[in-house]
Amino acid sequence: MAQSKDGWGSRIGLILAMAGNAVGLGNFLRFPVQAVQNGGGAFIIPYFVSFLVMGIPLLWIEWAMGRYGGIKGNHSTPFITDSMGKKRIWKYVGVFGIFTNLGIISYYTYIESWTLSYTLKSIGQSFTGLSRAQVSTAFDNYVGVHGTLSDRIVDINIPHWAIVIFLITLAINIYILSKGLSGGIEKVAKIGMPLLILFGIFLAIRGITLGHTGVAGCTTCNSQVGLDFLWKPDFTSLANPKVWLAAAGQIFFTLSVGMGTIQCYAAYLKKNDDIALNAMTAGWMNEFVEIVLGAAIVIPIAVGYMGLDWVKQNAGFMMAFKTMPYLFNQWGPLLATLSGVAWFGLLFFAGITSSLAMGTPFMGFMEDEFGWKRGKSSIVLGIIVLILALPTIFFFEYGVFNEYDYWTGTVSLVVFATLEVILFSWVFGMKNGWEEITRGSDIKVPTIYKFIIKWITPIFIIVIFITSLIEPVHTDMAGWQSAFHQLFTNGTWPWANDSIIAQIFHLNEKIVYFKNGVPTGMFFKDMARLLLISTFLGLSYLVHIASNKRKLANKTIES
Amino acid sequence: MSTSALILMVSVLGLVTTITVYFLVKVLRVPPKTDEELEREEKEDSLQE
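Worth saying up front: this structure is predicted, and the values here are computed from it rather than measured. (Residues numbered from 1 in each chain as written. Chains lettered and ligands numbered in written order. Predicted model: local features only at pLDDT ≥ 70, side-chain atom pairs only at ≥ 80, totals over all residues. Heavy atoms only, no water.)

Between side chains of opposite charge, a pair can form as their charged atoms come close. Residue and element names in this part refer to chain A. Counted by the stated rule, this structure contains 12 salt bridges over all chains. Two residues, Lys322 and Asp140, come together in a salt bridge whose shortest N-O distance is 3.1 Å. Here the residue Lys322 occupies a position in helix α16 (residues 319-322), and Asp140 occupies one in helix α7 (residues 132-142), the gap between them amounting to 182 residues. For Asp140, a relative accessible area of 21% gives the class partly exposed. Between Arg529 and Asp526 there is a salt bridge, with the nearest N and O atoms lying 3.9 Å from each other. Of the two residues, Arg529 and Asp526 are both situated in helix α25 (residues 521-558); the distance of three residues between them amounts to about one turn of the helix. (Salt bridge = Lys/Arg side-chain N within 4 Å of Asp/Glu carboxyl O. Helix = DSSP H or I, 4+ residues; strand = E, 2+ residues; numbered from the N terminus. Buried < 20%, exposed > 50% of the residue type's maximum accessible area, 1.4 Å probe, protein only.)

What follows is the structure, given as structure tokens:
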């Protein structure tokens with residue numbers, strides 16, 4: 001095992017890098033959409049409860065795991081988890097902490113490249129004078145979408161410019177990663193996070209103060225209507241399990257827990273460095289960006305020009321690229337340019353600070369276990385990301401992109417978080433765990449969290465995992481009751497399309513791999529799954545080799 | 001915008017902003033460890049190993 005010389009230059013640099021890891025595109029695009037789809041103002045209560053009983057404990061657990069592993073010379077999850085549990089299985093559980101990041105970074109860097117490209121397009125005023133339909137079509141053309149797929153040939157997406165900008169974005173990431181923690185990631189975080197917050201404040205003020213826009217024939221075209229919908233409390237929806245699950249899910253994704261990146265960053269801390277206050281500061285900074293800025297931009301501005309009904313029906317991730325440039329156009333050329341740069345610029349900084357974090361676990365592993373230099377590990381990472389990313393670009397319309405997002409960006413996180421919380425609270429034990437969380441702490445950690453981390457957090461995550469596994473079509477209280485009624489009367493279960501079981505066995509789909517001799521979307525989806533499984537197995541094999549190397553080294557020392 | 005929405009929005013935004021600033025200021029005010037402290041910690045670590 002090689003001794004890592006890398007480390008953080010300053011405490012604020014570490015906190016900004018950790019906050020940058022957590023702050024991603026989802027803060028601006030996923031959170032407001034989730035709030036809109038789950039009762040507006042009522043969503044915030046389950047969201048905060050989830051943050052207190054699941055988010056904060058998971059942050060402390062992952063920071064503590066990272067520092068514990070780091071002082072033993074481990075800078076990625078396989079051997080961090082291995083050092084905490086006696087069974088061999090734990091190091092293979094830790095593979096999730098590298099696999100998830102490789103999977104996500106592959107499609108995330110592609111999205112990041114869209115934001116870079118759209119920042120440049122905004123500077124060049126490319127959207128001036130375009131209608132909403134034209135802005136939407138411009139995005140489809142940019143990513144090479146055909147619209148309808150041919151059943152005679154495979155419609156490969158080859159968006160030349162999108163690929164060039166993707167390669168540039170990937171190269172930027174690799175270059176920064178090759179500069180290390182203090183020389184690369186920390187510097188980007190120190191520049192990127194303040195700029196992101198500045199851009200966010202500018203757009204949030206615009207969103208809150210936009211008011212009535214006077215669009216003809218639209219009575220709800222008023223940003224205040226959007227804000228009212230987002231913040232009007234509807235306490236009846238608190239009894240709806242769907243709202244609670246959505247809120248807990250959002251907390252999960254927004255904090256970037258269950259990925260292995262937090263452990264990897266925290267592994268470069270010293271034994272008595274604070275983690276309790278650092279984790280709280282980074283976590284609350286993420287909440288500030290999400291709740292204060294994220295909620296005040298997309299929905300209020302979109303409602304201001306498109307009306308509430310349109311937003312309720314169309315709110316989604318792609319609004320960032322397909323709708324926002326058109327909305328900025330309504331403010332005149334100068335403000336449209338400034339807003340476009342601020343919007344896509346903040347998304348770019350949110351993206352790059354996260355993708356840099358996703359690159360570090362693989363690099364940390366190769367440097368620790370195989371003695372690779374930073375330059376070599378970053379270049380190999382770039383090649384792997386490129387190989388994994390190309391299918392998501394070429395077969396974008398066949399669902400490969402979504403397949404990566406589902407398995408690595410959703411399922412894998414929940415699986416790893418479930419296992420790591422069991423490892424920390426029950427295998428490593430709360431006595432050791434509490435000592436790790438509180439050692440060197442600059443704040444007093446409330447002792448109630450000893451109980452929460454041991455009981456509430458694991459139960460909370462296990463419930464999320466089980467419901468994701470068996471999710472029925474309707475997830476409100478009546479939907480669950482009806483599902484169980486159906487189970488006990490007919491012996492069947494109304495699987496939701498995105499439940500894990502339904503996805504694994506293609507339960508709600510007709511299994512057709514070829515039509516007229518041409519591969520179908522299902523063929524490409526399953527090929528994507530095969531590629532992801534191969535990646536996981538390949539990483540597991542590397543962990544196996546590294547483990548054998550360690551054993552051999554230990555034997556040599558003993559003899 | 002309705003009064004209930006306004007109250008919830010202002011209180012949540014105020015609460016989140018206050019807590020974020022509080023922790024950030026707390027981090028900035030904690031004095032960095034002195035060389036002596038770092039040396040002592042390193043000694044403790046090497047003794048434990």
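Contact residues are listed per partner, giving 27 residues for chain A and 23 residues for chain B. For the chain A and chain B pair, buried surface summed over both sides reaches about 2,400 Å², with 76% attributable to carbon and sulfur atoms. Linking chain A to chain B there are zero salt bridges. Secondary structure elements with two or more residues in the side of chain A that touches chain B: α1 (11-22), α3 (44-71), α10 (223-231) and α13 (276-293) of chain A. In terms of residue count, α13 of chain A provides more of the side of chain A that touches chain B than any other element does, 10 residues in total. Residue composition of the side of chain A that touches chain B, grouped by class: 15 nonpolar, five polar and seven charged. (Contact = heavy atoms within 4.5 Å. Buried area = accessible area lost by both parts, 1.4 Å probe. Nonpolar A, V, L, I, M, F, W, Y, C, P; charged D, E, K, R; others polar.)

Bringing the confidence of the model for chain B into the picture now. A residue-level look at chain B finds 90% of positions with pLDDT of 70 or above and a mean pLDDT of 86. Scoring of the predicted complex yields 0.94 for pTM and 0.92 for ipTM. (pLDDT = per-residue confidence, 0-100.)

All names here are of chain A. With respect to the helices and strands, Glu369 occurs in helix α18 (residues 333-370). We classify Glu369 as buried; its relative accessible area is 4%. In sequence terms Glu369 and Leu542 are 173 residues apart; their C-alpha atoms lie 9.2 Å from each other. A polar atom in the side chain of Glu369 sits 2.7 Å from the side chain of Arg550. (Polar contact = N/O pair within 3.5 Å; in protein donor to acceptor, adjacent residues only side chain to side chain.)

Here we take up the state of the cysteines. A covalent bond between the sulfur atoms of two cysteines is what we call a disulfide. Residues and elements named next belong to chain A. In total, this model carries one disulfide over all chains according to the counting rule given. Covalent S-S linkage joins Cys218 and Cys221, the inter-sulfur distance amounting to 2.0 Å. Sign of the S-S torsion, about 90 degrees for the bond between Cys218 and Cys221, identifies this disulfide as right-handed. Each member of the pair Cys218 and Cys221 is classed as buried. (Disulfide = S-S within 2.5 Å.)

Another aspect to go through is the packing of aromatic side chains. Residues and elements named next belong to chain A. Evaluation of the coordinates by the stated rule reveals 46 aromatic pairs over all chains. Where Tyr47 meets Phe48, the ring centres are 6.2 Å apart and the plane angle is 75 degrees; that geometry is what we call edge-to-face. Note on Tyr47: relative accessible area 0%, which makes it buried. Exposure remark for Phe48: the relative accessible area of 14% places this residue in the buried category. An angle of 25 degrees between the planes, with centres 6.5 Å apart, marks the rings of Phe96 and Phe416 as stacked. Of the two residues, Phe96 sits in helix α6 (residues 96-123) while Phe416 sits in helix α20 (residues 400-427), which places them 320 residues apart along the sequence. In this pair, the class of Phe96 matches that of Phe416, namely buried. Every member of this aromatic cluster is reached through a ring pair, and the members are Tyr107, Tyr110, Trp114, Tyr118, Phe127, Phe139, Tyr142, Phe166, Phe321, Phe344, Phe396 and Phe401. Above the ring of Trp331, the side-chain terminus of Arg206 is found at 4.3 Å from the ring centroid. Arg550 extends its terminal NZ or CZ atom over the ring of Phe79, reaching a point 3.9 Å from the ring centre. (Phe/Tyr/Trp six-rings, centres within 6.5 Å; stacked < 30°, edge-to-face > 60°. Lys NZ or Arg CZ within 6 Å of the ring centre and 35° of its normal.)

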